[in-house]
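# Geometric and topological summary
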Amino acid sequence: MNPNKVIFDRRLIYRPFLERLNPVSVSVLESQDLIVTPLNDPRDPDQPPIHVSFANTVELTRGAQLALIGGIGSGKTTVLRLTRKVLDRHKDSINFFIDLANLTDINDLNFGAILAVIGLKLHKRLEEVDKLLPSVSLACKKLKKLASGKTEWEKQEDFFPDDTDIEAEIRSQEDGHCEDEQQRGVWVTTPGLLKPRFPALKRDVEEVRDLVLEIAKPLLESGAQITVLLDGLDRLIRPERFREFAEQDIRALRHSQISIIVVAPLLMWFDKSRFLQEYFDEVKHIPAAISNPEESNFLNQILIRRGAKELTDDTEIAQIAKFSGGVLRDLITLARISTEAAYRDDQDRIGPIHVQSAIRQLGKRYLVGLGISEKHLIRELSEKERFPSENPIAKELLVNRQVLEYVNKGRDLFAVHPALAEVLTDIP
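Residues numbered from 1 in each chain as written. Predicted model: local features only at pLDDT ≥ 70, side-chain atom pairs only at ≥ 80, totals over all residues. Heavy atoms only, no water.

### A look at the overall build of the chain
Formally: Helical segments are the DSSP runs of H or I of at least four residues, strand segments are the runs of E of at least two, and each set is numbered from the N terminus. With a 1.4 Å probe rolled over the protein chains alone, any residue whose accessible area is under 20% of its type maximum counts as buried; one over 50% counts as exposed, and the rest are partly exposed. Should any heavy atoms of two residues lie within 4.5 Å, those residues are considered in contact.
For the chain, the count of helices and strands is 20 helices and seven strands. Here the chain holds 428 residues, and 45% of them are scored as buried. Taking the contacts inside the chain whose residues are at least 6 apart along the sequence as the reference set, 74% of them involve residues at least 24 apart.

### Quick notes on the pattern of salt bridges
Quick note on the threshold: Salt bridges are defined by distance alone: a side-chain nitrogen of Lys or Arg within 4 Å of a carboxyl oxygen of Asp or Glu.
Across all of its chains, the model carries 23 salt bridges by this definition. Between D234 and R235 there is a salt bridge, with its nearest N and O atoms 4.0 Å apart. For R235, a relative accessible area of 41% gives the class partly exposed. Members of the salt-bridge network, linked through shared partners, are K76, D99, D234 and R235.

### With respect to the sheet that holds strand β4 (residues 258–264)
Paired through their backbone hydrogen bonds, the strands of a sheet run either parallel or antiparallel. The criterion, for reference: In short, DSSP must find at least two bridges between two strands for them to pair. Every angle, taken between N-to-C directions, lies between 0 and 180 degrees, and every axis is a line fitted to C-alpha atoms, over only the stretch in contact when it is a helix.
Reading across from one edge, β2-β3-β4-β1-β5 is the order of the five strands in this open sheet, with parallel pairing throughout. The open sheet terminates on both sides in strands that have one partner only, identified here as β2 (93–99) and β5 (282–286). Pairwise comparison of adjacent strand axes, ignoring direction, gives a mean angle of 15° for this sheet. Inspection of the sheet shows strand β3 (residues 225–231) paired to β4 by five bridges, in the parallel sense. Paired with L230 across the strands is V262, a residue of β4. Seen against the sheet, helix α6 (residues 113–128) touches β2, β3 and β4 and runs at an angle of roughly 135° to β2. Packed onto the sheet, helix α11 (residues 203–221) meets β2, β3 and β4 and runs at close to 120° relative to β4.

### Considering the pairing of strand β6 (residues 403–408)
Along β6, five of the six residues are buried, which leaves the element largely enclosed by surrounding structure. Pairing analysis gives six bridges linking β6 to strand β7 (residues 411–416), with the strands arranged antiparallel. Considered in β7, the bridge of L404 is made with A415. The turn linking β6 back onto β7 is made up of two residues, and K409 within it adopts a positive phi angle of 55°.

### Some thoughts on the packing of aromatic side chains
For the record, the criterion: We call Phe, Tyr and Trp rings a pair once their centres come within 6.5 Å, taking the six-membered ring for Trp, and we label the pair stacked below 30 degrees between planes, edge-to-face above 60, and tilted otherwise. Sitting over a ring, as applied to charges here, requires NZ of Lys or CZ of Arg to be within 6 Å of the ring centre and within 35 degrees of the ring normal.
Tallied over the entire structure, the rule returns seven aromatic pairs. Plain terms: the ring middles of Y279 and F280 are 4.7 Å apart, the flat faces sit at 75° to each other, and that makes the pair edge-to-face. As far as burial versus exposure is concerned, Y279 and F280 are alike and both buried. One aromatic cluster in this structure is built from F242, F275, Y279 and F280. Over the ring of F97 we find R81; its NZ or CZ atom is 4.1 Å from the centre of that ring. Its end group placed over the ring of Y279, R254 keeps NZ or CZ at 5.5 Å from the ring centre.

### Remarks on helix α15 (residues 314–323)
Within α15, the full set of buried residues consists of E316, I317, I320, A321 and F323. Tucked inside the fold, the buried residues of α15 contact α14 (298–305), α16 (328–344), α17 (352–367) and α20 (418–422). In the stretch just after α15, G325 is the one whose phi turns positive, near 70°.

Right, dumping it as structure tokens:
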């Protein structure tokens, strides 16, 4: 073997593109200017993009509570990051991006935990600017104990100081009254005529809220604009739990002058009770992006910004955009799979055959788990353009992105994911 022979390494062609396509973090996207900023609100072309609207609202109304909704891979995290970037233009702006899914198991989250995280973030900020007052340090110490839990030795008599018979105590509790109450009667609850709009805050939540406000006090008194951008709750297995956190942790900060922007589960958008619209000051929804390049080149520009034109033609870029269905995560996935296919074929460019292979591969992923009922709804949508979005099975198809929601002139439309539609004939 000639030691002076130059060996061609095709990895050097594709690896830089893949690293720009799917960087290790959103911060890399920002630092390398790889984010394509939307020009307007996807539901209303006459309005500014969501991140600008959100930033304007919290800049003018301290304590505003806003909700962002979108399906898997729709770009919600990017919107939060862009919002934070706009907010950072003011020197008195204090912004925290918190991804709860990276901190804890969100499906095992206790009420008050979100408040605790916010309080600890505020305390860290005060440490950085050397503004820790004794009252703030004490509040943080109590907050950490509540957040982490504690283990303490308790003497048995602490529980039953009068040597009360344990079995009798348990029986009396199960009966709903104690020995003293047996002599006076039992508790009887009569519902009031007026039902509260929201349930009362739990005692633990109130305690944590008070500690958070004590920690935030020096910042708020100095006129700071505090905004918490909360990601991760859209990944709750039981979306109805989002309502509970909104009624407890998030509502606890109402009127506190601490603004909240939270990502909500997609199913909340189709909730007929309109809880989000009733509860939050502003709600924004990210539908699937327009994937027709004749109407919008947004998706194409994402690929071009990351170097796609160096490796493939405009036709292939347009195909990837079209069959992504406007789902940003699928756009990235199709580009990546196409690149890997070209690399396996020892080709220096991504060709039509590689893109088509990637489309079918993605489509087959969406085929997985489709039962008879799901197939029926998909065929009804494909053939008759009928889709009962209030149907529980239909909602699952939306959450799984097998069916996508679009907006056309303010009207909600539904369509089978184009990659799935490409392989529908494979369904027996």
